[in-house]
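Residue strings, one per chain:
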Amino acid sequence: MVNAEEKQEKLSNLEWLGQQLRAKTANYEAEVPATNNSSINWEDRCGAIAFLPNDESKAYASILVWGDYRDNTKQYAVVVDYIAEYIWRMVQEEMNKKRDTFDMIKFCKHVARMELFYSLRPALREYHTLKGRLVFSGIDYIEPNTYSKRYGWLCDAVALLLKELHDEIEHYVGSYRKQLKD
């Protein structure tokens, strides 16, 4: 039989973080850790989010933990703005010779919102055509073929950026967990 402490060890850092922070059925059984220390509660887990080094990783961790995928929350806006700024810099470097007839800053914001939305719901991506994803995200001023050829690489860039944020969260929450144990 696996005890509670061993179960805790097997969780990824992000799973551990969300363990007592998500809505769940009440459990009235007292959990006493084997070491006789006080057990880790939801305040400790919230402290792990506060321990993260920057606003974008705090916001992304909040989205991943609480599952708040709506684009009307502060956390969602922080992550979208971070992604948009990142891809705006990339687009400037990559496309400085080409002239576009639309607002590139607005375009980067739309791409950021689209990619974040579909990264949080990967099953939807396969059901929505590229044209549908573009129109849904407010990018109705570019043909899907043009988007694929000129800007398709932005999808991969955003995926890498979100992976880096995820890894950063895992690292810092892991450090925080280790500090709690010691």
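First, a word on what this report is: a plain description of the structure on this page. (Residues numbered from 1 in each chain as written. Predicted model: local features only at pLDDT ≥ 70, side-chain atom pairs only at ≥ 80, totals over all residues. Heavy atoms only, no water.)

## Side note on the pattern of salt bridges
- Under the defined criterion, the tally for this structure stands at four salt bridges.
- As a salt-bridge pair, Arg 89 and Glu 85 come within 3.1 Å of each other at their nearest N and O atoms. One end of the pair is Arg 89 and the other is Glu 85, both in helix 5 (residues 74-94) and four residues apart, which spans about a single turn. (Salt bridge = Lys/Arg side-chain N within 4 Å of Asp/Glu carboxyl O. Helix = DSSP H or I, 4+ residues; strand = E, 2+ residues; numbered from the N terminus.)

## Details of the side chain of His 110
- Mapping His 110 onto the fold places it in helix 6 (residues 104-120).
- By relative accessible area, which is 10% here, His 110 ends up buried.
- Contacts of His 110, omitting those with residues within four sequence positions, involve Ser 137, Gly 138, Ile 139 and Tyr 141. (Buried < 20%, exposed > 50% of the residue type's maximum accessible area, 1.4 Å probe, protein only. Contact = heavy atoms within 4.5 Å.)

## Notes on the packing of aromatic side chains
- Tallied over the full model, the rule gives eleven aromatic pairs.
- Consider the rings of Phe 102 and Tyr 141, whose centres lie 5.2 Å apart with planes at 45°: the pair is tilted. In this pair, Phe 102 is assigned in the loop between helix 5 and helix 6 and Tyr 141 in the loop between helix 8 (130-136) and helix 9 (144-151), connecting sequence segments 39 residues apart.
- Owing to a relative accessible area of 34%, Tyr 141 belongs among the partly exposed residues under this scheme.
- Ring pairs connect the aromatic residues Phe 102, Phe 107, Tyr 141, Tyr 147 and Tyr 151, which therefore count as one cluster.
- The ring centre of Tyr 118 lies 5.9 Å from the NZ or CZ of Arg 133, which sits over that ring. (Phe/Tyr/Trp six-rings, centres within 6.5 Å; stacked < 30°, edge-to-face > 60°. Lys NZ or Arg CZ within 6 Å of the ring centre and 35° of its normal.)

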